[in-house]
Every structure is written in C-alpha cells, then in structure tokens.
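# Examination of the molecular architecture
Now for the letters of each chain:
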Amino acid sequence: MSPRNRGIALGLAIGLPLAIALGTWWFTTHEQVEEEVDLPPFGEYTYNPLYVLGLSLREAGWTVDMRQRLDGGEVAPGGRDTVLLLNDPRRLSAADSRALLDFVEGGGHLIVRTPPPEGLTVEANAPLLEAVGVSLGRSAGCTPLIVEGEDSHVEFCSGRAFDLSTRPPVAWEPDALNGHPVDAGGVPDPASAAVDAYPVDGPGDGQADEGETGAPAKRGKTIAKAGRYDGGDEEDPVTATVRARREALAAANDVGRYVYARLPHGRGSVDVVAELDFLTNEKLRDAPHVALTRQLFAPNDRAGTAHLLYAAEMPSLWRWLFLHSWMAWLPLLLALFAWLWARMPRFGPLLPSPPGERRSLLEHVRASGDLAWRYGYGHVLHEAVRAAFMARLRRRDPQAAALEGDAQAVLIAERFGMTPNDVRDALSTPPARDPAAFRARIATLIRLRNQL
C-alpha cells in the first residue's frame, strides 16, 4: 500500500468512529424546539398611538380615518361621524374649534380630553372646552372602574379633572367609593338608555338608578356588591360624612368634580375625559380599557366615519440615531477619543526654556574648532597656532626664528627653560585622532607665545 493510501485509511479509521460518536452525542443531548420572538414595532405603529384602535374599529365595521391634525373639509357638519381628539385641545385654532362645535351641533359626536396637569394653572383652559361649559381643576386622582368578570381597575390617575356649570345626566366623579360600572359586553345601541347608565352623584349614590337614568338592572347589582345603606330616601351616614369631607377637600385644593362627562350640544354630544391614554396602542389590550372605549364610541356606533386625530410621536433624528445606530457611531466615537489621546500633549514636569540666541565670537571660534577636529582637520588647527607663535617669535627674537631644526629647538629651549625635545614636539604636527597629543602641543605653543 502506498503511503498516500495508508494515510487515507488511517484517517478514515480514526475520523469515522469519532464522527459517529459526536453525532450520537449531539442527537441524544439536543432537540429541535420552536421559539417565538417578538419583533420590534415598525411602520405606522411607531408614530401613531391610535393605530391599534383604528384597526379594531375597522374590524368592528367602522369606517376609520386616521390623521395627525384636523381638516375641516373632512368633517361634514350634520353627519353621524365621531371625532376623537387625542391632542391637547389648547392646540386647536379658533377656526378649528368653531368647526368642531358646528359639527357636534349637526349631530356629530366629539371625544376630547382635558389639558394635562403638568405645568398648568386652573385658568389655562381650551376655548373648545369653555364653549361647552367646562372649567379645569387641579388633578383627577385615581378613579375606580367596575367591569364584570375583571379585577378591580383604576383610571385617570394622571389626568386633569374638571367642573361643569350644570350637572349632565352622564358624569363620573373621581374617588368614588363604589366605583363606576362599565359594560364589558357588546357595543350598546345608540338609542338605548344604556349609553347614559353611569353614576352621577358620587360615593354611595354611585349605583345606577332606573328611575333617573334608565340604566339596566345589572348595573345596579354590580354596584350593590360593594354595599349600600338601605334607609329609604335618606343617605347612608357614612357616605354622607365621606362626601362632606371630600367636597371640603375639593373646595380647599380646587380639585375638579368630574373625570368624565357626556355633554349634549345641539343634536350631538361631547365626551370630555380627564385623559385618553387608555386608547393608545400598548394599553388598549386591557379588557377594562376596551370596555371603556366601547362606551365612548357608543352614541354614533358605526353610523358614520370615525376620525382619529392623533399627535404624531415620531422621535427626533438624534434620538433615533442614539437608539438604533449605536453600532456605527460608537466605534467612530472611540476612534475619535483614541486620536485625541494620541494628539494631546503628554503631562509631566515642565521642560526648561530653550536657550536664547548667543552671538559671542569666542563661542563661534570654539564651535568652528570642534567641527574641524570632528572631521579630521586637527593638523590645520595646529598649524594655525604654530604660525601665530612663529610670527611673534620673529618680532621678539629674530635670531631664533631664522634658525631651523634642532638648532632652533635648542635656542628656544634655552630662552624658555625647557628641554629641546618638548620644543621639538610642540613645533611638529600631532598624530591624527590623538586628542592628548593635540591638546599638549596646542597648550605648549600658546604658553610659549604668551611668554614672549
């Protein structure tokens, strides 16, 4: 068998059992499962808070028109349409407010909220609300709701309550002891009395009364489960005490008396609500919110078009980039920080000031000599010093200057008290690259010249 075939056979003998063992372990310890992952919202759902409400109304048989702001040509006065205004009503212009009031007088139904309580005063009312007799209070507080088959629920906790010049047949007060019943069944008939079957007087008298409002008996039973004083026409003493305390507190703190009211206006009606957050996409999945929404849309149930006017909640460009594009801007930001770190000056002790310009002739001569010595021109420097010595010697001792060789060295040595060898070495050229000999000859020549 060739070495190549032998290697293939050995690889199969080792790899095949290993692959079988690995496959057996994998299929015995792992199983395929399905997992549902909720995708993030996209499209109109992200900026239209009434998108889910619009789809639900279309499914129920309504004709729905969703847009951001009011268009007077779309709301025909005298029709059986329903207009839901999710925005702050103070943002409406005078012309839009007048158009909505004319629309309601012709038989339309308007659902509007009170302005939010943050940063507002009692006088900061909307002209639309003032036209229907609504004055604002300070805060709504939490209002209990009763839906058969559902747990206890509170609503309007962050809304603004309001007062009315006259008490309408349909109105809810905040902090009712027994709560307000909400029909969890189908959408009521607009002509039936169930539309107006809400408590109007507050704690204790909150149960529906067929003699006054025409409410069905089941609403009275729902309220009765919380207990009621059976004393004829007289009010429960406990309830009367609580009512007196609450009215005194409301008068002291300027708290509104109502969180919801249905006000007749011409041939139509206006529903004023402390807040409409329960109609938004995320909160409409709760059963009490669905039931309350049905009651709001009951007057013109599927008789016309539902116009849903929402405030666009599209985030700003910078917020969107911060939340969804961090994979791009975070590395760029780190690269910018790294570049700034590389470019910034190092921290540490202060460097000495650079020396100023120096113009001394001696320093220049010294620098020139250092440069000549560094490049091997030491003999030139020695010759210049020897020539300066001989020039002065000719002026001081012409006889010694006229001689040459050993005779000159002996005569100079006798004049200066030196040995002839020292004079001879000083007058001879020093060896190259010998700093000691160079210094000795230069020093001797300068000393002899200074002694002349």
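Residues numbered from 1 in each chain as written. Predicted model: local features only at pLDDT ≥ 70, side-chain atom pairs only at ≥ 80, totals over all residues. Heavy atoms only, no water.

In terms of nonpolar packing, the biggest core is built from 28 residues, with L53, L84, L276, F297 and L308 touching the most fellow members. Of all the elements in the fold, those that place two or more residues in this core are helix 2 (51-59), strand 1 (63-67), strand 8 (170-172), helix 7 (287-296) and strand 12 (305-309). If sequence neighbours within four positions are ignored, F297 has contacts with L53, L57, W62, T82, L84, I111, A306 and L308. Judged by nonpolar contacts, the second largest core, of 25 residues, contains V83, V104, A171 and Y258. (Core = buried A, V, L, I, M, F, W, Y, C linked by side-chain atoms within 4.5 Å. Buried < 20%, exposed > 50% of the residue type's maximum accessible area, 1.4 Å probe, protein only. Helix = DSSP H or I, 4+ residues; strand = E, 2+ residues; numbered from the N terminus. Contact = heavy atoms within 4.5 Å.)

All right, on to unusual backbone geometry then. The phi angle at F156 is positive, at roughly 65 degrees, despite the residue not being glycine. Checked against the element boundaries, F156 lands in the loop between strand 6 (153-155) and strand 7 (162-164).

A separate point is the state of the cysteines. All chains considered together, the criterion is met by 1 disulfide. With its sulfur 2.1 Å from that of its partner, C142 forms a disulfide with C157. Here the disulfide of C142 and C157 is right-handed, its torsion about the S-S bond being about 125 degrees. You can see C142 sitting in the loop between strand 4 (134-136) and strand 5 (143-146) and its partner C157 sitting in the loop between strand 6 and strand 7, a full 15 residues away along the chain. (Disulfide = S-S within 2.5 Å.)

Here the focus is the packing of aromatic side chains. The full count for this structure, using the stated rule, is 7 aromatic pairs. On the basis of an interplanar angle of 80 degrees and a centroid distance of 6.2 Å, the ring pair of F156 and F278 is categorised as edge-to-face. With F156 in the loop between strand 6 and strand 7 and F278 in the loop between strand 11 (268-273) and helix 7, the pair connects residues that are 122 residues apart, well separated along the chain. Judged by its relative accessible area of 1%, F156 is buried. (Phe/Tyr/Trp six-rings, centres within 6.5 Å; stacked < 30°, edge-to-face > 60°.)

A few words on the pattern of salt bridges. Oppositely charged side chains are able to pair whenever their charged atoms sit close together. Evaluation of the coordinates by the stated rule reveals 9 salt bridges. Of the charged contacts in the structure, one is a salt bridge between D65 and R67, with a shortest N-O distance of 2.1 Å. Residue D65 is classed as partly exposed on the basis of its relative accessible area, which comes to 22%. The class for R67 is buried, based on a relative accessible area of 14%. When the shortest N-O distance is used, the salt bridge between E105 and R98 registers 3.6 Å. Residue classification places R98 among the partly exposed positions, given a relative accessible area of 40%. Each of the salt bridges in this network shares a partner with another, and the network as a whole consists of R98, D102 and E105. (Salt bridge = Lys/Arg side-chain N within 4 Å of Asp/Glu carboxyl O.)

Another aspect to go through is helix 3 (residues 94-105). For helix 3, with 12 residues, the first-to-last C-alpha span of 17 Å sits near the 16 Å given by 1.5 Å per residue. Regarding helix 3, the residues found buried are S97, L100, L101, F103 and V104. End-on view of helix 3: buried residues confined to an arc of 160 degrees, all on one side of the axis. Residues of helix 3 that are exposed and point over 90 degrees away from its buried face: A94 and A95. (Expected span 1.5 Å × (residues − 1). Arc of directions from axis to C-beta.)

In spatial order, the strands read 1-12-2-3-11-10-8; together these 7 strands make up an open sheet with mixed pairing. On the outer flanks of this sheet lie strand 1 and strand 8, each paired with one strand and no other. Sheet twist, expressed as the mean angle between neighbouring strand axes with direction ignored, is 15 degrees. Pairing of strand 3 (residues 109-113) with strand 11, which is carried by 5 bridges, proceeds in the parallel orientation. Bridged to R113 within strand 11 is V273. (Pairing = 2+ DSSP bridges. Axes fitted to C-alpha atoms, helices over the stretch in contact; angles between N-to-C directions.)

On a regular strand, each side chain points to the face opposite its neighbour's, so the side chains alternate between the two faces of the sheet. Burial of strand 10 (residues 260-265) is extensive: 5 of the 6 residues sit out of reach of the surface. The sheet contact formed by strand 8 and strand 10 spans 3 bridges and is antiparallel. Within strand 10, the position partnered with A171 by the bridge is A261. As defined by bridge partners, strand 10 adjoins strand 11 across 6 bridges and the pair is classed as antiparallel. For R262, the partnering residue across the bridge sits in strand 11 and is D271.

Packing of helix 14 (residues 420-427) against helix 15 (residues 435-451) brings their axes to within 8 Å, and their N-to-C directions diverge by 105 degrees. Put simply, helix 14 runs roughly perpendicular to helix 15. In this structure, helix 14 uses D425, A426 and L427 to contact helix 15, whose residues at the interface are R441, T444 and L445. (Parallel < 35°, antiparallel > 145°, perpendicular 65-115°, else oblique.)

Let us now look at the confidence of the model for the protein chain. Averaged over every residue, the pLDDT of the protein chain is 76; the share at 70 or more is 76%. Within the model, pLDDT remains below 50 along residues 184-246, and this stretch shows 108 contacts once partners closer than five positions in the same chain are excluded. Across residues 248-255, confidence stays below pLDDT 50; counting only partners more than four residues off in sequence or on other chains, it has 7 contacts. (pLDDT = per-residue confidence, 0-100.)

What follows concerns the side chain of R441. Relative to the helices and strands, R441 resides in helix 15. This buried residue, R441, is left without a salt bridge; D425 holds the nearest opposite charge, at 4.5 Å. Ignoring anything within four residues of it in the chain, the contact list for R441 reads H382, D425, A426, S428, T429, P430 and P431. (Lys, Arg positive; Asp, Glu negative; His and termini not counted.)

Below, the discussion takes up helix 14. Within the sequence span of helix 14, burial applies to V423, A426 and L427. Here the buried residues of helix 14 occupy an arc of 95 degrees about the axis, which is enough to place them on one side. Tucked into the core, helix 14 has its buried residues touching helix 11 (378-396), helix 13 (405-416) and helix 15.

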